[in-house]
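Each chain is listed here by its residues.
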Amino acid sequence: MALLNGFGCADELAANRAQAYGDGVFETVLLNDGRPLWLAEHFARLQAGARRLQMHIDMPALRRECDTVMASACGRQVLKIHCYRRSGGRGYQPSNHCADRLLSLWSAPRSDCWQRGARLLLCNTRLASNPELAGIKHGNRLEQVLAAAELANTACDEGLMMDLSGRLVEGTRSNVFLVKSGGLLTPSLQGGGVAGIMRDKVLQYAADHGIACRVTGVGPSALATADEIFLCNSVFGLWPVTAVGCLHKKAGPLCRQLQHHFESLFYV
């Protein structure tokens, strides 16, 4: 027997491992009139995350289902692909390694941060360190939920999150880059955080154009000495950072160079 808000519901809902344990992986893909941005890369990360969780996704079926959903999309939308372990018994130990597939379409968020820049909050909520889950986009996002709640009733557009030792990791929904002396610096994700598709594209751009880039531990004090700061993800693209708390920055030339390179992918 299962009740939802006092009313009977399907037992399958109570047995759903996504809602019970966050036992799954997901992707959010930007669509422009049904055309997906970097769908192959999203599929690759989805599969890599599923392998880490010892979960099998029927990729041919998922591709067909994505095609069906994307055919109905128009304008700027976001396709959410959620794959979670099929239910089977009660308890943490899984008895099933096959994944259910849930697809949904959402309106793409709107913001003027691409041009005006983003204002950031340094969040109090910390990210736990777990190399077993580092880099993948798994379904347990409670740390991000708590951090995002800190943004309520502020003028901030995004929050920066640190690990338990006080090193910068990422934004609540983005990766972060610092510019120093013409080179890039971005936090290592060995202990936690999401290895973003857009982050990979920026790293590849830097390698292709001879821009020095270091992936390493970054303390929050580095924000004050950075020439530029910018955020990125594969839905909003690149946001220059104009403020972190009371620290003020200007949108710099390297971020604008990257925006010029990628703009046609996000605004067509």
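Every value quoted in this text rests on a predicted model; they were computed, and no experiment measured them. (Residues numbered from 1 in each chain as written. Predicted model: local features only at pLDDT ≥ 70, side-chain atom pairs only at ≥ 80, totals over all residues. Heavy atoms only, no water.)

(A) The arrangement of the pairing of strand β14 (residues 237-244) in detail. Within β14, eight of the eight residues are buried, leaving the element largely enclosed by the surrounding structure. As defined by bridge partners, strand β7 (residues 118-127) adjoins β14 across three bridges and the pair is classed as parallel. The partner of Leu 120 across the bridge, within β14, is Val 244. One ladder, built from four bridges, connects strand β13 (residues 228-233) with β14; its direction is antiparallel. Looking across to β14, one finds that Cys 232 is bridged to Leu 238. Once β13 ends, the chain turns through three residues before running back antiparallel as β14. Examined bridge by bridge, β14 and strand β15 (residues 247-248) share two bridges and lie antiparallel to one another. Bridging from a neighbouring strand, Val 244 pairs with Leu 247 of β15. In sequence, β14 turns back onto β15 through a hairpin of two residues, with Gly 245 there showing a positive phi of about 60°. (Buried < 20%, exposed > 50% of the residue type's maximum accessible area, 1.4 Å probe, protein only. Helix = DSSP H or I, 4+ residues; strand = E, 2+ residues; numbered from the N terminus. Pairing = 2+ DSSP bridges.)

(B) Seen up close, unusual backbone geometry. If you check the backbone angles, Asp 33 has positive phi at about 50° while not being a glycine. Its location among the elements puts Asp 33 in the loop between β3 (24-32) and β4 (35-36). For Asp 33, a relative accessible area of 48% gives the class partly exposed. Here Asn 153, not a glycine, exhibits a phi torsion of approximately 65°, which is positive. Looking at the secondary structure, you find Asn 153 in the loop between α6 (142-149) and β8 (158-163).

(C) Region of interest: helix α7 (residues 197-208). End to end, α7 covers 17 Å across twelve residues, agreeing with the expected 16 Å (1.5 Å per residue, within 8%). Among the residues making up α7, those that are buried are Ile 197, Met 198, Arg 199, Val 202, Tyr 205 and Ala 206. Two residues or fewer after α7 comes Gly 210, characterised by a positive phi angle close to 70°. (Expected span 1.5 Å × (residues − 1).)

(D) Quick peek at the packing of aromatic side chains. Evaluation of the coordinates by the stated rule reveals eight aromatic pairs. Centroid distance Trp 114 to Phe 266: 6.1 Å. Interplanar angle 45°. Geometry classified as tilted. Taken together, the residues Trp 114 in helix α5 (residues 113-116) and Phe 266 in helix α9 (residues 253-266) connect sequence positions 152 residues apart. Ring geometry for Phe 177 versus Phe 230: centroids 5.2 Å apart, planes at 10°, classification stacked. With Phe 177 in strand β10 (residues 175-180) and Phe 230 in strand β13, the pair connects residues that are 53 residues apart, well separated along the chain. Take Phe 177: its relative accessible area is 0%, and that puts it in the buried class. The class of Phe 230 is buried, set by a relative accessible area of 0%. Aromatic rings pair up to connect Trp 38, Trp 114, Tyr 205, Phe 262, Phe 266 and Tyr 267 into one cluster. Across the ring face of Phe 26, the terminal group of Lys 80 is positioned such that the distance to the ring centre comes to 4.9 Å. (Phe/Tyr/Trp six-rings, centres within 6.5 Å; stacked < 30°, edge-to-face > 60°. Lys NZ or Arg CZ within 6 Å of the ring centre and 35° of its normal.)

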